[in-house]
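Listed below are the residues making up each chain.
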Amino acid sequence: MRKTRRSAEECSCSETMFWSLLLSRDIEICVFLLQRIHYLSLEFYMGRTLQNTMINLGLQNTCDEAIYQLGLDLEELEEIEEDAGLGNGGLGRLAACFLDSMASLGLAAYGYGIRYEFGIFNQKIANGWQVEEADDWLRYGNPWEKARPEYMLPVHFYGRVDHTHEGPKWIDTQVVLAMPYDTPVPGYKNNTVNTMRLWSAKAPNDFNLKEFNVGDYIQAVLDRNLAENISRVLYPNDNFFEGKELRLKQEYFVVAATLQDIIRRFKSSKFGCRDPVRTSFEAFPEKVAIQLNDTHPALAIPELMRILVDIERLDWEKAWEITTKTCAYTNHTVLPEALERWPIYMFEKLLPRHLQIIYEINHRHLDRIAALYPGDHDRLRRMSLIEEGDPKRINMAHLCVVGSHAVNGVARIHSDIVKTTVFKDFCDIEPEKFQNKTNGITPRRWLVLCNPGLADIIAEKIGEDFLTDLFQLRKLLDFINDEMFIRDVAKVKQENKLKFAAYLEDEYKVKINPESIFDIHVKRIHEYKRQLLNCLHVITLYNRIKKEPNKKFVPRTVMIGGKAAPGYHMAKMIIKLITSVGDVVNHDPVVGDRLKVIFLENYRVSLAEKVIPAADLSEQISTAGTEASGTGNMKFMLNGALTIGTMDGANVEMAEEAGEENLFIFGMRVADVEAMDKKGYNAREYYEHLPELKQAMDQISTGFFSPKEPELFKDIVNMLMNHDRFKVFADYESYISSQEKVNELYRNPKEWTKKVIKNIAASGKFSSDRTITEYAREIWGVEPSDVKIPPPNEPRE
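Residues numbered from 1 in each chain as written. Predicted model: local features only at pLDDT ≥ 70, side-chain atom pairs only at ≥ 80, totals over all residues. Heavy atoms only, no water.

Caption draft 1: Inspection of helix 23 (residues 569-586) at higher detail. Over its 18 residues, helix 23 extends 26 Å from the first C-alpha to the last, a length consistent with the 26 Å expected when each residue adds 1.5 Å. Of all the 18 residues making up helix 23, 14 are buried; the element is thus mostly covered by neighbouring parts of the structure. (Helix = DSSP H or I, 4+ residues; strand = E, 2+ residues; numbered from the N terminus. Expected span 1.5 Å × (residues − 1). Buried < 20%, exposed > 50% of the residue type's maximum accessible area, 1.4 Å probe, protein only.)

In structure tokens:
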């Protein structure tokens, strides 16, 4: 927490510690005394690093003072740093929070991913439409990374399989080199620094010079780009599978490089020694844990099998035992369009040996199922790793379930859905394999860093230990009627709102009323997240103000932000609708500052750090049973916003922790959605019976919000009326009445703030430290440690 400036003497004393800590893992330490965790993810949405590093090393005040004495402003410096946007949304940001928690809990853990040259695109809004710009985040270099060319590794693609008397050999391959870049991940004030290792693709010097371009030297050099394209750009899809060959290459690239690295480290077990010492793989699962963040790194399973069987010459059964004991899989979605199903023909061409291994895994798997359920051919079809059809496909989720010793969902309701629907057949056979690990967020970034005012007033009441044990926030319940504390919490929120209002005016030239409810809906734009439901509420509110202009309304500023995947037409139309509604509402003199609609351009980690502390109301309104967990919901709760939400994802557990009466819960539950699916959802029924809904839909469809193009939103109208999978109209009435309760409570600032305190006090469960402790004990078989390593400038015993 930022406190008053310290003396110059205090500033200089920690300088050596700062750099030596950051570089303490610069030399590979090859001691395998304990289990090492390897978190494999195609996404790490890290955001900025400077402030987080200063906080975790306990150097924020020191650096603040030093920078001040140089005549500079630390906040201005922090604003210069680019976000490392190597992720799309929740999955990538979760990986970043997990790295922070693993280091803070003293676990020997590595994050492994891809060093994308271009991260998630920068979003510009032009004429109300989303326009994408390339995110050239490395343009001015990245001071936090260190290239490690001495650990560069070859990755093979294409080729063919030769069956020799010694066993199968994958030959005639094309080689791409994987160059590692290491970023230090400091734990919170425990002098532990872990490593995030990201791989960058590099063409070997002889790339294309031999086979294809005999004599055409220039073309051969230009073709090096083909190999290096593997790490060029992050695929910008969230909860959607795009079966492109380049994406499959990325998935194999990270897995192949990482497994070689893990095995090298496993074999070189002496301190500082790079020569192989271990030859037996018997102890491999006791020393190595691999966590697969969704199915994207699923190829780790056949790749580890290939290494153990083809290279290390283990028999199949032993290799399979080692593989399944080593790997564990986290499922992140039940949406069918998000599940990875790769065509067989792509594997045949790109990874022929892995296809054979997957066939063999499937053959043995189905033999086992057939023995358990003789004659049940439908079950075999449902459980197969290979889906029949044209083309035949590999179901990567099934591969992960079969090849892992643990499978987890990311919130209790999601884990239950996983067990009773998507993986029901698998759960029937091995129920002990399936677990829940409710997501969490790091309180270092999502409280101390982004909301120092709130962190300070909490620390004044209960001390600073809550930062490593968030359950201690429960102690705030003792101050629920403390007038002074209620006033302090409200004051911090108001200051955050004023600061964000000033930022919006500065950046977007938008003036907003800081006394209004800051109603915030920020996340990726997707039909299931139902930004359209929010939009319908805004239109309804607008119509009510127009109908009774002299009535006293609770002023509200609705801010919606998030990126749409570039190829997702409906999501882009939703953005255009929001901006068009904003144009009408914001320029209507009758409305004034009672209602404003703002689209927050280019929502990203660094913008989240500004908007979340300023929020009064957090919108978490997905159709029950569609949002696996959500983590934005937890950030808002910790930062003193109240939640309006459905009983979906982690909202269920938030309501359980805080008491349902302290959230604005509305809408269908999972059972209601299932019942409606059986009965059939009829949107027109709601349209005919709810006059305000009908009015809003008629305005959208007749061009009230797009007078120059009356037909502009016909696709949205058609979807909502005829084929809305996410049942927006079914929850409309409940949502509107819940929003009326929000207005009612906001009229009583003291009662509002009491509910805020109850929510903050109940958010302890949602620390990623708790989540990681559960992974460590229940999946990886390791115990977190609160031991503080002596700093490098202190002699060790």
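Caption draft 2: How the structure looks around the packing of aromatic side chains. Applying the stated criterion across every chain, the model contains 23 aromatic pairs. Taken together, the ring pairs in this structure connect Tyr-39, Phe-98, Tyr-775 and Trp-780 into an aromatic cluster. For the cation-ring pair, Arg-265 lies above Tyr-110, with the distance from its terminal atom to the ring centre recorded as 4.1 Å. (Phe/Tyr/Trp six-rings, centres within 6.5 Å; stacked < 30°, edge-to-face > 60°. Lys NZ or Arg CZ within 6 Å of the ring centre and 35° of its normal.)

Caption draft 3: Highlighting a nonpolar patch on the surface. Taken together, the side chains of Leu-209, Tyr-217, Ile-218, Val-221 and Leu-222 present a nonpolar region at the surface, about 480 Å² in accessible area. Relative to the elements of secondary structure, Ile-218 occurs in helix 7 (residues 217-222). (Patch = residues over 30% accessible without salt bridge, like charges linked within 9 Å, V, L, I, M, F, W, Y side chains within 5 Å. Areas by Shrake-Rupley, 256 points an atom, 1.4 Å probe, with all protein chains shown as cover. Salt bridge = Lys/Arg side-chain N within 4 Å of Asp/Glu carboxyl O.)

Caption draft 4: Highlighting the side chain of Ser-706. For Ser-706, the position within the fold is in the loop between helix 29 (691-702) and helix 30 (714-722). With sequence-adjacent residues up to four places away left out, Ser-706 is seen in contact with Leu-712 and Phe-713. (Contact = heavy atoms within 4.5 Å.)

Caption draft 5: Focus on the pairing of strand 23 (residues 617-620). Side chains Leu-617 and Glu-619 of strand 23 all project onto a buried face; the interleaved residues Ser-618 and Gln-620 project onto the opposite face, where all are buried too. With two bridges connecting them, strand 20 (residues 517-522) and strand 23 associate as parallel partners. Looking across to strand 23, one finds that Ile-520 is bridged to Ser-618. As defined by bridge partners, strand 23 adjoins strand 24 (residues 642-645) across four bridges and the pair is classed as parallel. Within strand 24, the position partnered with Leu-617 by the bridge is Leu-642. (Pairing = 2+ DSSP bridges.)

Caption draft 6: Just the sheet that holds strand 16 (residues 386-387), in detail. Judged by pairing direction, the sheet is antiparallel, and its three strands sit side by side in the order 15-17-16 without closing on themselves. Each edge of the sheet is formed by a strand with only one pairing partner; in this case those strands are strand 15 (341-343) and strand 16. Sheet analysis places strand 15 next to strand 17 (residues 393-395), joined by three bridges and oriented antiparallel. Within strand 17, the position partnered with Pro-343 by the bridge is Arg-393. In the packing of helix 16 (residues 396-403) onto the sheet, the strands contacted are strand 15 and strand 17, and the crossing angle to strand 17 comes to about 45 degrees. (Axes fitted to C-alpha atoms, helices over the stretch in contact; angles between N-to-C directions.)

Caption draft 7: Representation of the pairing of strand 6 (residues 129-133) within the structure. Looking at chain direction, strand 5 (residues 122-126) and strand 6 are connected through five bridges and run antiparallel. Bridging across to strand 6, Ile-125 finds its partner in Gln-130. Linking strand 5 back to strand 6 in an antiparallel pair, the connection comprises two residues, with Asn-127 at a positive phi of about 60 degrees.

Caption draft 8: Spotlight on the sheet that holds strand 21 (residues 556-561). Ordered by their spatial adjacency, six strands build an open sheet running 22-21-20-23-24-25, and the pairing between neighbours is parallel. In the strand order of this sheet, the two ends are held by strand 22 (595-600) and strand 25 (664-665), each with one partner. Of the pairings in the sheet, the one linking strand 21 to strand 22 comprises six bridges and is parallel in character. Bridging across to strand 22, Val-558 finds its partner in Val-597.

Caption draft 9: Spotlight on the pattern of salt bridges. This structure, assessed with the given rule, holds 64 salt bridges. Between Glu-245 and Lys-349 there is a salt bridge whose closest N-O contact spans 2.8 Å. Here Glu-245, found in helix 9 (residues 245-267), pairs with Lys-349, found in helix 13 (residues 344-350); they are 104 residues apart in sequence, far enough to count as distant. A residue is classified by how much of its surface remains accessible, and Glu-245, at 22% relative accessible area, is partly exposed. The exposure class of Lys-349 is partly exposed, given its relative accessible area of 46%. Put simply, Glu-740 and Arg-544 hold a salt bridge, and the shortest N to O gap is 2.7 Å. Of this pair, Glu-740 sits in helix 31 (residues 728-746) while Arg-544 sits in helix 22 (residues 531-547), placing them 196 residues apart in sequence. Residues participating in the shared-partner salt-bridge network are Arg-148, Glu-150, Asp-182, Arg-197, Asp-261, Arg-264 and Arg-265.

Caption draft 10: Looking closely at the side chain of Gln-130. By secondary structure assignment, the location of Gln-130 is in strand 6. For Gln-130, a relative accessible area of 6% corresponds to the buried category. Within the structure, Gln-130 has its side chain in polar contact with the side chain of Gln-123 (distance 2.8 Å). A polar contact is formed between the side chain of Gln-130 and the side chain of Glu-132, at a distance of 2.8 Å. Contact partners of Gln-130, with chain neighbours within four places excluded, come to Phe-121, Gln-123, Lys-124, Ile-125, Lys-563, Ala-564, Lys-572 and Ile-575. (Polar contact = N/O pair within 3.5 Å; in protein donor to acceptor, adjacent residues only side chain to side chain.)

Caption draft 11: Spatial organisation of the environment of Leu-339. In this structure, Leu-339 sits in the loop between strand 14 (327-330) and strand 15. Note: C-alpha distance between Leu-339 and Asn-239 (100 residues apart in sequence) is 8.2 Å. With near-sequence residues (within four places) excluded, Leu-339 lies in contact with Phe-241, Thr-333 and Val-422.

Caption draft 12: Structural detail: unusual backbone geometry. The omega torsion of the bond from Asp-390 to Pro-391 falls at 5 degrees, within 30 degrees of zero and hence cis. You can see Pro-391 is positioned in the loop between strand 16 and strand 17. The phi dihedral of Asn-191 is positive, around 60 degrees, even though this residue is not glycine. Secondary-structure assignment places Asn-191 in the loop between strand 11 (174-186) and strand 12 (193-202). With phi around 55 degrees, Asn-602 is a residue other than glycine that occupies positive phi space.

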